[in-house]
Amino acid sequence: MKEKLQAIKEEAIAKIEAAKDLDALNEIKVNMLGKKGELTQVLKGMKDVAPEDRPKVGQMVNDTRFAIEEKLEAVKKDIAKKLREEKMKKEVIDVTLPGTMHMKGHRHPNQIALEELERVFIGMGYEIVEGPEVEYDHYNFELLNIPANHPAKDEQDTFYITKDILLRTQTSPVQARVMETGRMPIRILAPGRVFRSDEVDATHSPSFHQVEGLVVDKNITFADLKGTLEQFAHEFFGPETKIKLRPHHFPFTEPSAEVDVSCFKCGGKGCRMCKGSGWIEILGCGMVHPKVLKDCGIDPEEYSGFAFGIGLERVALLKYEIDDMRLLYENDMRFLKQF
Ligand code: DAH
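Calculation rules
- Residues numbered from 1 in each chain as written.
- Predicted model: local features only at pLDDT ≥ 70, side-chain atom pairs only at ≥ 80, totals over all residues.
- Heavy atoms only, no water.
- Buried < 20%, exposed > 50% of the residue type's maximum accessible area, 1.4 Å probe, protein only.
- Helix = DSSP H or I, 4+ residues; strand = E, 2+ residues; numbered from the N terminus.
- Pairing = 2+ DSSP bridges.
- Contact = heavy atoms within 4.5 Å.
- Axes fitted to C-alpha atoms, helices over the stretch in contact; angles between N-to-C directions.
- Domains from an automatic or database assignment.
- Near = heavy atom within 4 Å.
- Polar contact = N/O pair within 3.5 Å; in protein donor to acceptor, adjacent residues only side chain to side chain.
- Areas by Shrake-Rupley, 256 points an atom, 1.4 Å probe, with all protein chains shown as cover.
- Nonpolar A, V, L, I, M, F, W, Y, C, P; charged D, E, K, R; others polar.
- Parallel < 35°, antiparallel > 145°, perpendicular 65-115°, else oblique.

**Digging into the pairing of strand E9 (residues 304–311)**
Judged by how many residues are buried, E9 sits mostly within the fold: six of eight residues are covered. Across eight bridges, the pairing between strand E5 (residues 207–217) and E9 is antiparallel. The residue bridging valine 215 from the neighbouring strand is phenylalanine 306, located in E9. Pairing analysis gives five bridges linking strand E8 (residues 279–288) to E9, with the strands arranged antiparallel.

**Overview of the sheet that holds strand E1 (residues 127–128)**
Taken in spatial order, the seven strands line up as E1-E4-E5-E9-E8-E7-E6 in an open sheet, and their pairing is mixed. One side of each edge strand has no neighbouring strand; the edge strands of this open sheet are E1 and strand E6 (243–250). Note that E6 and strand E7 (residues 253–262) share seven bridges and pair antiparallel. For histidine 248, the partnering residue across the bridge sits in E7 and is serine 256. Here helix H5 (residues 109–123) sits on the sheet in contact with E1, strand E4 (186–195), E5 and E9, set at roughly 165 degrees to E4. Packed on one face of the sheet, helix H11 (residues 312–319) meets E5, E8 and E9 and runs near 150 degrees to E8.

**Re the domain arrangement of the protein**
Taken domain by domain, the protein comprises domain 1 (2–90) and domain 2 (109–336). Inter-centroid distance (C-alpha atoms) of domain 1 to domain 2 is 87 Å.

**Concerning the site of the ligand**
Around the ligand, the surrounding shell holds 16 residues, and the nearest of these are Gln170, Gln175, Arg196, Gln210 and Glu212. In this structure, glutamine 170 approaches the ligand through a side-chain N or O atom, which is 2.7 Å from a nitrogen atom. Residue glutamate 212 places a side-chain N or O atom 2.6 Å away from an oxygen atom belonging to the ligand. Its free accessible area being 350 Å², the ligand has 91% of it covered by the protein chains. Only E5, E8 and E9 provide two or more residues apiece to the shell around the ligand. Partitioning the shell around the ligand into residue classes produces five nonpolar, nine polar and two charged.

**A look at the packing of helix H1 (residues 2–18) against helix H4 (residues 54–90)**
Closest axis-to-axis distance for the H1/H4 pair is 10 Å, and the angle between their directions is 5 degrees. By the angle class used here, H1 and H4 are roughly parallel. Contacts from Lys2, Leu5, Ile8, Lys9, Ala12, Ile13, Ile16 and Glu17 in H1 reach Met60, Val61, Thr64, Ala67, Ile68, Lys71, Leu72 and Val75 in H4. Taken together, the residues of the contact of H1 with H4 break down into 11 nonpolar, one polar and four charged.

**Details of unusual backbone geometry**
Between methionine 184 and the following residue, proline 185, the backbone shows a cis peptide bond with an omega angle of -5 degrees. Within the secondary structure, proline 185 sits in the loop between helix H8 (173–180) and E4. Each neighbour pair has its own omega, and for glutamate 254 with proline 255 the value is -5 degrees, a cis peptide bond. At glutamate 321, a residue that is not glycine, the phi angle is positive and equals roughly 50 degrees. Along the chain, glutamate 321 falls in the loop between H11 and helix H12 (333–336). A relative accessible area of 45% means that glutamate 321 is categorised as partly exposed. Non-glycine residue asparagine 331 carries a positive phi angle of around 55 degrees. Looking at the secondary structure, you find asparagine 331 in the loop between H11 and H12.

What follows is the structure in structure tokens.
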């Protein structure tokens, strides 16, 4: 028995030492120590051993098993180490290789124009506020002196959600929301997305952006409005820029005006950009209608104010000389990369 065990042990150790990889080791383990393994067969023969010799023989079998297991573990570690070393050698990292360049993001022309606009008005003491895109008819129309059946409601083809709730067609409802809080004086800029059921073309989109301005205080006059817009035009389009106010009508302002700036491309001589006129329309404005002030809880005898609404895409297109609004929404990197 002793010799037999010794032979098994020697054979196992020789095989283990010759093993080239983990699979070979595993096979040896199964063949030697597994259910049908050689050592297990020896154990099965214990019943033929005299009872008084059994503890001794059992001890010998266990020693053999232990010796084989130990050897298996040791060689397994060696092989694993060798494999790891080989892998490390193959996977050298050359830290001097140039890295993969990632494409850098760009601010969208709309965003650049908005930040520039905000910078100008923050410089004049304005506060940036926002209002909801899903709005009540009450704020979008009613409080702005556009009652039911008013023709202006048709001009702003509206996406209705319910009879009273809609996607705002303008940022002007933010005016009403701010005035309603009763905090005075007011000097705010409210940029945001607006919606109209328009077909897409070079100058229209069902969703675009406006920047609303509102100032309410004691003794605010049309001269303040004009001076403010002039300052804005100088800072935004260049110091040579002139402005021109043309009488217009908006239900929520009285008097109202549309504002043109002298063409910054040709300086007013007339070119393709200004369609030969030398002037480009950029915004609508006016003195806040006394009825609007009153409906929003402000005494028109004590306070007055002015408001204006700028089409963000419109000024972005002008500033960057882009001739098709659709380019702003297509997210074509070849286009966006230029800004
Ligand atoms: N809300 C107007 C529009 O969508 C733009 C506008 C005009 C806003 C005059 C104003 C304003 O605040 O005073 O066409």
